[in-house]
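The lines below spell out each chain.
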Amino acid sequence: MPAKVLTVTSGKGGVGKTTATANIAAALAASGAKVVCIDADIGLRNLDVVLGLENRIVYDLVDVVEGRCRLRQAMIRDKRLPELYLIPAAQTRDKSAVSPSDMVRLCDELRPEFDWVFIDSPAGIERGFRNAIAPADISIVITNPEVSAVRDADRIIGLIEAEEKGPPRLIINRIKPEMVKKGDMLSADDVLELLAIELLGLIPEDEEVIISTNRGVPVALDGKSRAGQAFRNIASRLRGEQVPFMEMEEPGGFLSQIRSFWRKGGG
Amino acid sequence: MSRLMDRLLNRSSSSASQAKERMKLVLVHDRTNLSSKVLEQLKDELIGVISRHVEIDEQAVRIEISQQGREQRLIADIPLRTVARRRLG
Ligand SMILES: Nc1ncnc2c1ncn2[C@@H]1O[C@H](COP(=O)(O)OP(=O)(O)OP(=O)(O)O)[C@@H](O)[C@H]1O
Ligand SMILES: [Mg+2]
C-alpha cells in the first residue's frame, strides 16, 4: 500500500510539532513500519537534532528540489531503527526555495516506497505552512492548553478546512494535570470543545521529553516515560487500533476539592 | 483561601474557565469575522427592514451566533407584536 502523507502543523510556534513528528514517526518505525520524515522548516531546521541525526547531513530538501542530488542521497537513515529516514531542511535558505508543487512531487516519489511520510511544518500560516500542507493526506494540528496556542490552532484548522484537506486531527501537548486540577489550565475537554475536531492524542508535560531531546533519542523509545507512552498510543491509533486516551487528570469534582482543601490545612 | 472558596461556590472564577469563556468569544469572532459592533449594526438594520412589513417588539429583538461543532449560525429572535399585545399597548 502506498504511504500516507501526514503533516504536523500548529500555527503558533514552539508547541511541539517537531517533537511530535520525531516521536510518532519513531514509534511507527519501531513497530516495523517504513517511515520517512521531511523537515519543511527551511532556515530553522531542528528535526535532525531532535532525532539525533545532525552529524550525518550531506544533502537537504532544497538540494533535492533544485536537482543537486537524487532523493535517495538526501535521505538519512536512522541506524537505531530498521526503517526510519530523515530528509533534512536546508539551513541557509528560506521557505521560498520550495513550492507547494515541489512538495507534492517529492511526496509522490516517496509514496510507493514507504508506509508513512511525515512532514514537520514550520510555525505560521505563510509559505512554509502551505508547502507542508500541500501533499498531506492527513493533517495533524497540535496545540497546548493555553489561549494563544488554541486560538492559532483554530485559525490553522480553518485554513486546512478551506484547502479541503479533510478534517484535521488534534493533539493536545504539554498538559499539566496538577494545574488542570486546580482550575488553572484548560483541560483537554475544554480545548476539544473549543476546537471541535477529532482528538488524536493527549500528551502530558514530561521532563523526559527535554532529557531525551538533549540526547537525540526520541522519548517514544523510552518505555518508562509518560509522554513516550502517549506518542506510542498516537502511533497505534494511526495504525487503526482503538487505544483509550491516557488519563490526564481526575475530574476535580467538588469532593476532591474539599479534600485538597483540608489537606492544605484549611488555609 | 478566598480563591478556594470562590472556586467552590463559583467555578467560573477559575482562570481556566475564564480562559474558556474568553476563547469561545474570540473564536466565534475569528471564524465569522463578526464583531459585537457589527452584530449590533446588523440588528438595527434587521429591525428597520422587518418593521417595514410587520410590527415587532424592537426592545426584545435578540441576535446571536450559535455554534454546533465548527459551524456557526446566525440566530435572530424577533418577537412580533400580536394584535392582543398591541391593544394592551
Ligand atoms: N510534552 C512535553 N513535555 C515537555 N517539554 C516538551 C513537550 N513537548 C515539547 N516540549 C519542549 O518544547 C519545546 C518546543 O518543542 P518543539 O521544538 O517540538 O516545538 P515546535 O512546534 O516544533 O517549535 P517551532 O514552531 O519552533 O518549530 C522543546 O524544547 C521541547 O523539548
Ligand atoms: Mg519545529
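A quick note: this is a predicted structure, and the numbers were derived from the prediction, not measured.

A. Highlighting the pattern of salt bridges. All names here are of chain A. All chains considered together, the criterion is met by 26 salt bridges over all chains. E198 serves as the salt-bridge partner of R169, at 3.2 Å between the closest nitrogen and oxygen. Highlighted residues: R169 in strand β7 (residues 169-175) and E198 in strand β8 (residues 198-204), separated in sequence by 29 residues. Note that R174 and E205 form a salt bridge whose closest N and O atoms lie 2.7 Å from each other.

B. Region of interest: the site of ligand 1. Residue and element names in this part refer to chain A. What surrounds ligand 1 is a group of 17 residues, the closest being K17, T18, T19, N173 and R174. The separation between an oxygen atom of ligand 1 and a polar side-chain atom of T19 is 2.5 Å. When atom positions are compared with the pocket grids, ligand 1 is found to occupy the second largest pocket. Those elements giving two or more residues to the shell around ligand 1 turn out to be α1 (17-30), β7, β8 and α10 (207-215). The leading source of residues in the shell around ligand 1 is α1, at 3 residues. Partitioned by chemical class, the residues of the shell around ligand 1 number 6 nonpolar, 6 polar and 5 charged.

C. Focus on the sheet that holds strand β3 (residues 76-77) of chain A. All names here are of chain A. The 8 strands lie next to each other as β3-β4-β2-β5-β1-β6-β7-β8, forming an open sheet whose pairing is mixed. Only two strands of the sheet have a single partner each, and these edge strands are β3 and β8. As paired strands, strand β2 (residues 35-39) and strand β4 (residues 84-87) are joined by 4 bridges and run parallel to one another. Residue pairing for β4: V35 is matched across the bridge by L84. Each of β1 (4-9) and β6 (138-143) touches helix α7 (residues 147-162); the most contacted strand, β6, lies at about 165 degrees to it.

D. Structural context of helix α11 (residues 226-238) of chain A. Residues and elements named next belong to chain A. The first and last C-alpha atoms of α11 sit 19 Å apart over 13 residues, in line with the 18 Å expected at 1.5 Å per residue. Burial analysis of α11 places 10 of its 13 residues in the buried class, which makes it a mostly covered element. Of the residues making up α11, those classed as buried are A227, G228, A230, F231, N233, I234, A235, S236, R237 and L238. Its buried side turned inward, α11 meets β1, α1, β5 (116-120), β7, β8 and α10. N-capping of α11 is provided by S225, with a side-chain oxygen placed 3.2 Å from the backbone N of A227. With its phi angle positive at about 100 degrees, G240 sits one or two positions after the end of α11.

E. Layout of the side chain of K17 of chain A. Mapped onto the fold, K17 of chain A is located in helix α1. No salt bridge is formed by the buried K17 of chain A; its nearest oppositely charged neighbour, D120 of chain A, is found at 6.1 Å.

F. Representation of the packing of α7 of chain A against helix α9 (residues 188-195) of chain A in the model. Residue and element names in this part refer to chain A. Closest axis-to-axis distance for the α7/α9 pair is 10 Å, and the angle between their directions is 35 degrees. For the element pair α7 and α9, the recorded crossing hand is right-handed. Contacts between α7 and α9 pair V150, A153, D154 and I157 from the former with V191, L194 and L195 from the latter. Residues of the contact of α7 with α9, tallied by class, amount to 6 nonpolar, no polar and 1 charged.

G. Region of interest: the domain arrangement of chain B. Residues and elements named next belong to chain B. Examined at the domain level, chain B breaks down into domain 1 (1-33) and domain 2 (34-89). Facing 6 residues of domain 1, the contacting portion of domain 2 comprises 7 residues. Surface buried jointly by domain 1 and domain 2 totals about 610 Å² across both partners, of which 50% is contributed by carbon and sulfur atoms. Here domain 1 and domain 2 share 3 residue pairs in polar contact (both at pLDDT 80 or more) between them. Considering only residue class, the side of domain 1 that touches domain 2 consists of 1 nonpolar, 3 polar and 2 charged.

H. Inspection of the environment of L84 of chain A at higher detail. Residues and elements named next belong to chain A. Relative to the assigned elements, L84 resides in strand β4. Along the primary structure L84 and A33 are separated by 51 residues, whereas in three dimensions their C-alpha atoms are 8.3 Å apart. Residues within four places of L84 in sequence aside, it is in contact with A25, A26, A29, V35, C37, L51, I76, R77 and D78.

Procedures and definitions
- Residues numbered from 1 in each chain as written.
- Chains lettered and ligands numbered in written order.
- Predicted model: local features only at pLDDT ≥ 70, side-chain atom pairs only at ≥ 80, totals over all residues.
- Heavy atoms only, no water.
- Salt bridge = Lys/Arg side-chain N within 4 Å of Asp/Glu carboxyl O.
- Helix = DSSP H or I, 4+ residues; strand = E, 2+ residues; numbered from the N terminus.
- Near = heavy atom within 4 Å.
- Polar contact = N/O pair within 3.5 Å; in protein donor to acceptor, adjacent residues only side chain to side chain.
- 1 Å grid on protein atoms, 1.4 Å probe; cavity = no way out; pocket = protein on both sides within 12 Å on 5 of 7 lines; lining within 4 Å.
- Sits in = over half its atoms within 2 Å of the grid points.
- Nonpolar A, V, L, I, M, F, W, Y, C, P; charged D, E, K, R; others polar.
- Pairing = 2+ DSSP bridges.
- Contact = heavy atoms within 4.5 Å.
- Axes fitted to C-alpha atoms, helices over the stretch in contact; angles between N-to-C directions.
- Expected span 1.5 Å × (residues − 1).
- Buried < 20%, exposed > 50% of the residue type's maximum accessible area, 1.4 Å probe, protein only.
- Lys, Arg positive; Asp, Glu negative; His and termini not counted.
- Left-handed = near helix turned anticlockwise from the far one by under 90°.
- Domains from an automatic or database assignment.
- Buried area = accessible area lost by both parts, 1.4 Å probe.

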